Amino acid sequence: LFERWCENSRNGLILTGYCVEGTLAREVQRSPPDITAQDGRKLPLKMSVEYVSFSAHSDFAQTSEFIDALLPPNIVLVHGDENQMKHLKAGLNQRYKSRIQILTPKNCQPVQFMFKAKKMANAIGHLGMAVEEYTYALEYYEKSVEKLRALEEEKKNPEEDVKMEGEDGTTEVEGQEENMEVSVKEEVKVKEEEIEPEKPKGIDMRGFIIQDDFDYVVLNKNDLNGFRSVDVSTITQKMYLPFKYNMKLLQHFVDQMYSNTKTLKEGGRFKLIINNRLAIYKTSEEAEVVVLEWEPSPRSDMLADSVAFLVMQSLSNIDKQDLPQSSIVEEITEEQEFDIIRQLIRSNYPNCQVDLESRTIKIDHNGSQAEVDFPNSSVTSEDEALKTKIKALLNAMEETFAL
């Protein structure tokens, strides 16, 4: 029918909707001089062609109004003519600038979006109580500051005394007959209120965030045991290292490296505690290994690594000195103490001479001389710095032997 009518100028065609690209309607909409018939013939297009939109879709103004109400972060144009969508994209970009991302992907082209998820967590347990106390303190502070500002404004703009006229024509000033004692009390009260309160400090919110069904809660690690959906276990790590010598000898090296150390006897067992994080002990008096025990944490793990290195290094230094077997037993005699001190002094000051009969040690260090008299526990030297260092070494060993 179209092919029969298209050549007559008295005929007309009205297109009432969107014409898909590649169709005859789309081709006719461009008003070409001729069209191709189904049998391949070229037919002149002389009939009139008009386009009247019967579309129920919204126009640019209505679309913009809808976008204004939602203000989404992203808009994807997926339906329509490519050129028309480009025009729409340009119009939307001009209207919303960089506030909204406008995309016009081709068919089957994937589009990815990044969304920032917001999660609300309720503080419970000790953290919840801390939040409540902080909120109360903050509200009190804000009200106090507001009241103080109001008092300052009153000082800047004092109210005038209200004058009242009596029946006899006399004028009285309201407030003149107030009690002086009350006025003094009010003045003191005002001065107290003028002192600006201290703003409450923030609270430490470190803890664990736990998902309970679709809700999130944050709580302190000490409250984990009371939370119904969490079972708490404590893992204790142990490291076994070879060390056949006396634990008191190991303590000497530990004290030189760490300041916060203490000793205790637990179940008849000598134990070293370092920084309240790590314990060193032997399982028995005859054991030729020491045990490092700690609860895992970044700091404790680093401490365990450094102590393990110290034990192995100490063992290497002791073995080089060929210490007597007496250093392996728990009870150390005076002779054995001298043997141990002799070897330790030699490890720190290689250039020394030992008199076993008098139990004295002569030290030559960087041109300075010193003499250690073990029976009298004394050190003599003209070099005060050297003397102080040797005394510190002897005092540390004496404290160790006294345990």
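Up top you'll find the structure we're talking about.
Attention here is on the structure that accompanies the text.

### Some words on the environment of Val254
So, point 1. Positionally, Val254 belongs in helix H7 (residues 247-257).
So, point 2. The buried category is assigned to Val254, whose relative accessible area is 1%.
So, point 3. In this structure the C-alpha to C-alpha distance between Val254 and Val311, which are 57 residues apart in sequence, comes to 8.4 Å.
So, point 4. If we skip the residues at most four places from it in the chain, Val254 touches Thr261, Leu272, Ile274, Ile280 and Leu310.

### Some thoughts on the pattern of salt bridges
So, point 1. Under the defined criterion, the tally for this structure stands at eight salt bridges.
So, point 2. For Glu293, the salt bridge identified is with Lys238, shortest N-O distance 3.8 Å. Taken together, the residues span a long stretch of sequence, with Glu293 in strand E16 (residues 289-294) and Lys238 in strand E12 (residues 237-242) at a distance of 55 residues.
So, point 3. The exposure class assigned to Glu293 is partly exposed, which follows from its relative accessible area of 23%.
So, point 4. Bridged by salt links that share partners, the residues Glu21, Arg26 and Arg30 form one connected network.

### As for the nonpolar core
So, point 1. Of all hydrophobic cores here, the largest spans 26 residues; its most connected members are Leu278, Ile280, Val290, Leu292 and Val307.
So, point 2. Of all the secondary-structure elements, those providing two or more residues to this core are H7, strand E14 (269-274), strand E15 (278-281), E16, helix H8 (298-321) and helix H9 (334-348).
So, point 3. Top element by residues in this core is H8. It accounts for seven residues.
So, point 4. The next biggest cluster of nonpolar side chains, apart from the first, holds 15 residues, and it includes Phe338, Ile341, Tyr349 and Val372.

### Some points on the sheet that holds E14
For sheets, the rule is that strands pair by backbone hydrogen bonds, running either parallel or antiparallel.
So, point 1. Pairing is antiparallel in the open sheet, where five strands are placed in the order E12-E16-E15-E14-E13. Looking at strand neighbours, the two that pair on one side only are E12 and strand E13 (261-266), the edges of this open sheet. The average undirected angle you get between the axes of adjacent strands in this sheet is 25 degrees.
So, point 2. Direction of pairing for E14 relative to E15: antiparallel, over a ladder of four bridges. Each bridged residue has a counterpart across the sheet, and for Leu272 the counterpart in E15 is Ile280.
So, point 3. Against the sheet, H7 makes contact with E13, E14, E15 and E16, and its axis sits at roughly 10 degrees relative to E14, the strand it touches most.

What counts, and at which threshold
Residues numbered from 1 in each chain as written. Predicted model: local features only at pLDDT ≥ 70, side-chain atom pairs only at ≥ 80, totals over all residues. Heavy atoms only, no water. Helix = DSSP H or I, 4+ residues; strand = E, 2+ residues; numbered from the N terminus. Buried < 20%, exposed > 50% of the residue type's maximum accessible area, 1.4 Å probe, protein only. Contact = heavy atoms within 4.5 Å. Salt bridge = Lys/Arg side-chain N within 4 Å of Asp/Glu carboxyl O. Core = buried A, V, L, I, M, F, W, Y, C linked by side-chain atoms within 4.5 Å. Pairing = 2+ DSSP bridges. Axes fitted to C-alpha atoms, helices over the stretch in contact; angles between N-to-C directions.

Functional significance is not addressed by these values, which are geometric in nature.
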